[in-house]
Structure formats: C-alpha cells, structure tokens
Amino acid sequence: MTINEKVFKFKVEVILKKGVLDPQGEAIKQSININSLGNILDVKQGKLFEITASSKNREQAIKEVERICADLLTNSVIEEFTYYEVSE
Amino acid sequence: MIWHKETTLPKVDLVVLPGGFSYGDYLRCGAIAAKSPIMKAVKNFYEIGGFIIGICNGFQILTETKILPGALIPNTNQKFICKDQDLIVANNKTFFTSNFELNKTISIPIAHHDGQYFLNGPEIEELEQNEGIVLKYRDNPNGSIKDIAGVCSKNKRVIGMMPHPERAVDKELGSVSGLRMFESVISNF
C-alpha cells in the first residue's frame with residue numbers, strides 16, 4: 001500500500017444460477033420444514049467473500065473486484081455474483 | 001512430472017492432468033489449480049493442437065480453464081462415491097477411445113464427490129452435435145446431465161473424464177479397460 005492509496009472493503013455474494021441443482025440448499029430446506037422452523041418453499045446455499053482492496057480510487061477498486069469475481073470467485077457456467085461496498 | 005509452478009512445458013506428445021484434490025478443493029474443485037503458472041503453458045499447448053487428458057480433478061481443472069466446456073458440481077447424493085462403474089463408449093473417434101467399439105460397455109472405477117457434469121441447455125446440444133460426449137454412465141451415479149462421464153474438445157485432442165482409467169490397467173485390479181485407453185493413445189501416435 002502506497003501513500004496515494006486508500007482502503008476499500010467489499011462483500012461479494014456468489015450463488016448458483018437458476019437451473020443448477022443445489023442439493024445442500026435442498027437438504028437445508030427439508031431440515032427447516034421437518035423441524036417446523038418455518039414453511040419454506042426454497043433455500044439456495046451460496047458463498048460470501050469479504051475483500052479488502054488497496055487502490056488509488058473507488059473506480060479502480062471496483063474494477064479489480066469485478067475482475068476477481070469473474071476470473072476466480074465464480075464459474076460462469078454455474079454461478080453468478082453480486083458485490084457491494086461496506087464501510088467497515 | 002512437471003511442477004505446478006513451472007511456466008513452460010518440455011517437448012511432450014501428451015499432457016496428463018491427474019486426479020487428486022488440488023488445493024483441498026477450496027473455492028471450487030480445480031479452480032485454484034486452473035490458475036497455476038503451468039496452466040498458461042497447458043492452454044498454449046491446447047491452442048497449438050496438443051493432446052491432453054484430464055482425469056477426475058484433472059477434468060475439473062480443464063473445465064475451470066475453459067479448455068473443456070461445462071462444470072463439475074457435487075454429486076446429487078452429497079456423498080463421495082468410490083466404486084467400479086460401467087461406462088458406455090459414446091464416441092470412439094478420439095485418440096483415447098479408438099480401440100473400443102462404439103456403444104461398448106466398459107468398467108472403470110470412479111472416486112469423487114464433485115463429479116456431476118453440468119452444462120446449460122443450448123451448450124449441451126452443441127456438445128452433442130460436435131460429438132463431444134465421449135463416455136456415458138450406464139447407471140448414472142452422480143446426477144450428471146445426459147449421463148456424461150467424459151467429454152472432448154471440438155478438435156477431439158483434449159479429453160476429460162471423471163472415472164480413473166489408470167486404476168483399470170490389470171486383471172488383478174478388476175478391469176483392463178483403462179489399459180485399452182492408454183493403448184489407444186499409443187496406437188494413434
């Protein structure tokens with residue numbers, strides 16, 4: 001991190017695309033319903049990443065996060081992502 | 001044997017990506033290995049028409065690098081499955097299956113947790129049209145779409161499969177179907 005750089009924090013959510021089987025989500029849904037915790041129609045299990053970037057500006061940080069999501073954190077055949085900036 | 005941190009391949013006829021839970025299957029199976037320094041050289045090798053086989057985790061790495069289409073996701077029953085598996089040779093016009101008759105049933109062991117092959121509707125049709133489905137499961141153990149156990153690239157020079165042919169190379173092991181595959185490779189050079 002150089003003197004011109006700032007810290008930006010993001011949360012990235014990755015979830016399976018519609019049509020991809022999610023056996024873990026299905027098992028969780030069954031457990032919820034069997035244990036009468038609620039009447040749930042569907043559960044999808046995904047992943048959450050917290051990323052701390054050091055960049056010259058917000059625009060640059062967002063560009064990096066998008067590249068990380070597309071290149072590594074998701075496989076576009078089965079997953080999609082959303083990200084948002086967080087303060088701390 | 002070539003270390004994953006290498007950046008160039010020596011002069012080779014065939015690259016084999018073996019199985020084996022690279023990086024503990026973190027993130028997605030094969031996802032982090034697909035970014036290993038050596039994989040750039042493997043991708044170049046594919047682009048110049050090199051022959052490549054990916055077995056199990058090696059197959060997952062080939063899909064993560066987009067050398068092969070599709071993705072491998074957890075088995076529908078969420079269990080690690082380790083057993084002998086009947087397969088059907090769906091394409092015998094590849095360098096790896098040319099010693100088999102079309103539609104022949106062969107037995108090769110599987111040993112995986114994330115072996116369910118997935119590909120979207122339009123792309124699966126394209127794969128079928130290109131004769132990209134090489135091996136199918138006779139009794140689908142993991143929920144793979146169209147019972148797919150192994151696929152090949154458009155140029156038919158790259159093959160990925162979840163079953164382990166290297167574990168079926170001696171009668172004492174229960175099957176020699178894997179040996180037939182490696183003999184196919186040799187007879188094509």
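Residues numbered from 1 in each chain as written. Chains lettered and ligands numbered in written order. Predicted model: local features only at pLDDT ≥ 70, side-chain atom pairs only at ≥ 80, totals over all residues.

### Some points on the overall build of chain B
Piece 1. Helix and strand counts for chain B stand at four helices and nine strands.
Piece 2. Helices and strands in chain B line up, N terminus first, as β-α-β-α-β-β-β-β-α-β-β-β-α.
Piece 3. Its C-alpha atoms give chain B a radius of gyration of 15 Å, near enough to 16 Å, the size a compact globule of 189 residues would have.
Piece 4. For chain B, the spread of C-alpha atoms along the three principal axes comes to 40 × 40 × 40 Å.
Piece 5. Counting across all 189 residues of chain B, residues that qualify as buried make up 45%.
Piece 6. When contacts within chain B are restricted to residue pairs at least 6 apart in sequence, long-range pairs at least 24 apart make up 70% of them. (Helix = DSSP H or I, 4+ residues; strand = E, 2+ residues; numbered from the N terminus. Rg over C-alpha atoms; globule rule 2.2 N^0.38 Å. Buried ≥ 20, exposed ≤ 12 C-beta atoms within 10 Å, placed from the backbone. Contact = placed C-beta atoms within 7 Å.)

### Some thoughts on helix H2 (residues 57-64) of chain B
All names here are of chain B.
Piece 1. Counting buried positions over the eight residues of H2 gives eight, a clear majority of the element.
Piece 2. Taken as a whole, H2 has its buried residues at Asn57, Gly58, Phe59, Gln60, Ile61, Leu62, Thr63 and Glu64.
Piece 3. Against strand S1 (14-17), strand S2 (51-55), strand S3 (71-73) and strand S9 (158-161) lie the buried residues of H2.
Piece 4. Immediately beyond the C-terminal end of H2, within one or two residues, lies Lys66, with a positive phi of roughly 70°.

### Focus on the sheet that holds strand S8 (residues 148-152) of chain B
Residues and elements named next belong to chain B.
Piece 1. Pairing in this open sheet of seven strands is mixed, and the strands run S1-S2-S9-S8-S7-S4-S5 from one edge to the other. Because the sheet does not close on itself, it has two edges, and the strands there are S1 and strand S5 (105-112). Sheet twist, expressed as the mean angle between neighbouring strand axes with direction ignored, is 20°.
Piece 2. Relative to S5, strand S4 (residues 81-89) runs antiparallel, the two being bridged by eight bridges. When the sheet's bridge partners are listed, Leu87 is paired in S5 with Ile106.
Piece 3. The sheet strands contacting H2 are S1, S2 and S9, and the helix crosses S2 at an angle near 120°. (Pairing = 2+ DSSP bridges. Axes fitted to C-alpha atoms, helices over the stretch in contact; angles between N-to-C directions.)

### Describing the pairing of S2(B)
Looking down a regular strand, the side chains alternate between one sheet face and the other.
All names here are of chain B.
Piece 1. For S2, the buried fraction is high: five of the five residues fall into the buried class.
Piece 2. Of the two faces of S2, both are covered, the one formed by Phe51, Ile53 and Ile55 as well as the one formed by Ile52 and Gly54.
Piece 3. For S1 and S2, the ladder comprises four bridges, and the chain directions are parallel. In the strand pairing of S2, Val16 is matched with Ile53.
Piece 4. Where the polypeptide runs from S1 across helix H1 (residues 37-47) and back to S2, its parallel neighbour, the crossover connection is right-handed.
Piece 5. With four bridges joining them, S2 and S9 adopt parallel strand pairing. Across the sheet, Ile55 pairs through a bridge with Met161, a residue of S9. (Right-handed = clockwise from strand over helix to strand, strands pointing away.)

### Concerning the environment of B:Asp170
Piece 1. Within the secondary structure layout, B:Asp170 lies in the loop between S9 and helix H4 (177-187).
Piece 2. Considering only alpha carbons, one finds B:Asp170 and B:Ile108, 62 residues apart in sequence, at a separation of 11 Å.

### Some details on unusual backbone geometry
Residues and elements named next belong to chain B.
Piece 1. Unusually for a residue other than glycine, Tyr23 sits at a positive phi of about 50°.
Piece 2. One can find Tyr23 in the loop between S1 and H1.
Piece 3. When the 16 C-beta atoms within 10 Å are taken as the criterion, Tyr23 is described as partly exposed.

### Quick notes on the sheet that holds strand S2 (residues 47-55) of chain A
Residues and elements named next belong to chain A.
Piece 1. Here we have three strands laid out as an open sheet, ordered S2-S1-S3, and antiparallel in their pairing. Both edges of this open sheet fall to S2 and strand S3 (79-86), since each of them pairs with a single strand only. Between one strand axis and the next, the sheet turns through 25° on average, direction left out of account.
Piece 2. The pairing of strand S1 (residues 6-16) with S2 spans nine bridges and is antiparallel. Of the residues in S2, the one forming a bridge with Lys6 is Ser55.
Piece 3. Its contacts with the sheet put helix H2 (residues 58-73) on S1, S2 and S3, and the angle it makes with S2 is roughly 140°.

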